[in-house]
Amino acid sequence: MTTASPAPSSRDLPHPAREEIRLEGVLHALSDPLRLRIVRELAAEGVELSCSYFDLPVTKSTTTHHFRVLRENGVIRQVYEGTAKMNGLRRVDLDALFPGLLDSLLAAAAHQAARHDEP
């Protein structure tokens, strides 16, 4: 017996399928320092984190924009859990499509942060 998938709710957020993720989109999403910081924190924690976990020095609408760019370019997956929007790094998809890219970018970002004494 097969179970039907639940109907999408109005709170479901669109995500690109793995095969729709493009390298230039990923690089664009990670070209912004705040978006790179979000990805670094997600990678460091290794679990889904709510939007409110991130203490970004921008308005809520700008924060929402940054998360949307990451989601629409396939870098993160966002799902609602109750009233919280949870964010998870799409590491498996990114590693399958672009082997070594994420680890290289994260290592380079950590090296740069250490040189400039950034978080």
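Residues numbered from 1 in each chain as written. Predicted model: local features only at pLDDT ≥ 70, side-chain atom pairs only at ≥ 80, totals over all residues. Heavy atoms only, no water.

The name given to the protein in an unreviewed UniProt entry is ArsR/SmtB family transcription factor, with the source organism recorded as Streptomyces heliomycini.

Draft legend 1. Quick look at the layout of surface pockets. Quantified by volume, the largest pocket comes out at close to 250 Å³. Cys51, Ser52, Lys60, Thr63 and Thr64 are, among the 13 residues lining the largest pocket, the residues nearest its centre. By residue number, the principal contributor to the lining of the largest pocket is helix H3 (residues 60-72), which donates 4 residues. The residue makeup of the lining of the largest pocket, split by class, is 5 nonpolar, 5 polar and 3 charged. (1 Å grid on protein atoms, 1.4 Å probe; cavity = no way out; pocket = protein on both sides within 12 Å on 5 of 7 lines; lining within 4 Å. Points joined across faces, edges and corners; volume = space filled by probe spheres on them. Helix = DSSP H or I, 4+ residues; strand = E, 2+ residues; numbered from the N terminus. Nonpolar A, V, L, I, M, F, W, Y, C, P; charged D, E, K, R; others polar.)

Draft legend 2. Structural view of the nonpolar core. Core analysis: the biggest nonpolar cluster contains 23 residues, and Val39, Leu70 and Val75 have the highest contact counts within it. Elements represented by at least two residues in this core include exactly helix H1 (23-30), helix H2 (33-45), H3 and helix H5 (101-116). Ranked by residue count, the leading element in this core is H2, at 5 residues. Excluding residues within four positions of it along the chain, Val39 makes contact with Leu30, Leu70, Val75, Leu89, Leu102 and Leu106. (Core = buried A, V, L, I, M, F, W, Y, C linked by side-chain atoms within 4.5 Å. Buried < 20%, exposed > 50% of the residue type's maximum accessible area, 1.4 Å probe, protein only. Contact = heavy atoms within 4.5 Å.)

Draft legend 3. Broad picture of the pattern of salt bridges. Taken as a whole and assessed by the stated rule, the structure comprises 7 salt bridges. When the shortest N-O distance is used, the salt bridge between Arg37 and Glu41 registers 3.4 Å. You can see Arg37 and its partner Glu41 sitting in helix H2, 4 residues apart, about one turn around the helix. For Glu41, a relative accessible area of 21% translates into the label partly exposed. Here Arg90 makes a salt bridge to Asp93, at a shortest N to O gap of 2.8 Å. Assigned by exposure class, Arg90 and Asp93 land together as buried. A cluster of three or more residues bridged by salt bridges with shared partners is formed by Arg18, Arg90 and Asp93. (Salt bridge = Lys/Arg side-chain N within 4 Å of Asp/Glu carboxyl O.)

Draft legend 4. Just the packing of aromatic side chains, in detail. Here the structure, examined in full by the defined rule, presents 2 aromatic pairs. Plain terms: the ring middles of Tyr53 and Phe54 are 5.3 Å apart, the flat faces sit at 85° to each other, and that makes the pair edge-to-face. Consider the rings of Phe54 and Phe67, whose centres lie 5.4 Å apart with planes at 65°: the pair is edge-to-face. Remark: Phe67 occurs in helix H3 and Phe54 occurs in the loop between strand S1 (49-50) and H3; sequence separation between them is 13 residues. Among the aromatic residues, those joined into a cluster by ring pairs are Tyr53, Phe54 and Phe67. (Phe/Tyr/Trp six-rings, centres within 6.5 Å; stacked < 30°, edge-to-face > 60°.)

Draft legend 5. Just the pairing of strand S2 (residues 76-81), in detail. Looking at chain direction, S2 and strand S3 (residues 84-89) are connected through 6 bridges and run antiparallel. Its bridge partner being in S3, Arg77 is matched across the sheet by Gly88. Between S2 and S3, which pair antiparallel in sequence order, lie 2 residues; one of them, Gly82, sits at a positive phi of approximately 65°. (Pairing = 2+ DSSP bridges.)

Draft legend 6. How the structure looks around the packing of H2 against H3. Interhelical geometry of H2 versus H3 gives an angle of 70° and a closest axis separation of 10 Å. Taken together, the axis directions place H2 and H3 in an arrangement best described as roughly perpendicular. Where H2 crosses over H3, the two elements pack in a sense that is right-handed. Facing Leu34, Arg35, Ile38 and Val39 of H2, the residues of H3 in contact are His65, His66, Phe67, Val69 and Leu70. Taken together, the residues of the contact of H2 with H3 sort by class into 6 nonpolar, 2 polar and 1 charged. (Axes fitted to C-alpha atoms, helices over the stretch in contact; angles between N-to-C directions. Parallel < 35°, antiparallel > 145°, perpendicular 65-115°, else oblique. Left-handed = near helix turned anticlockwise from the far one by under 90°.)

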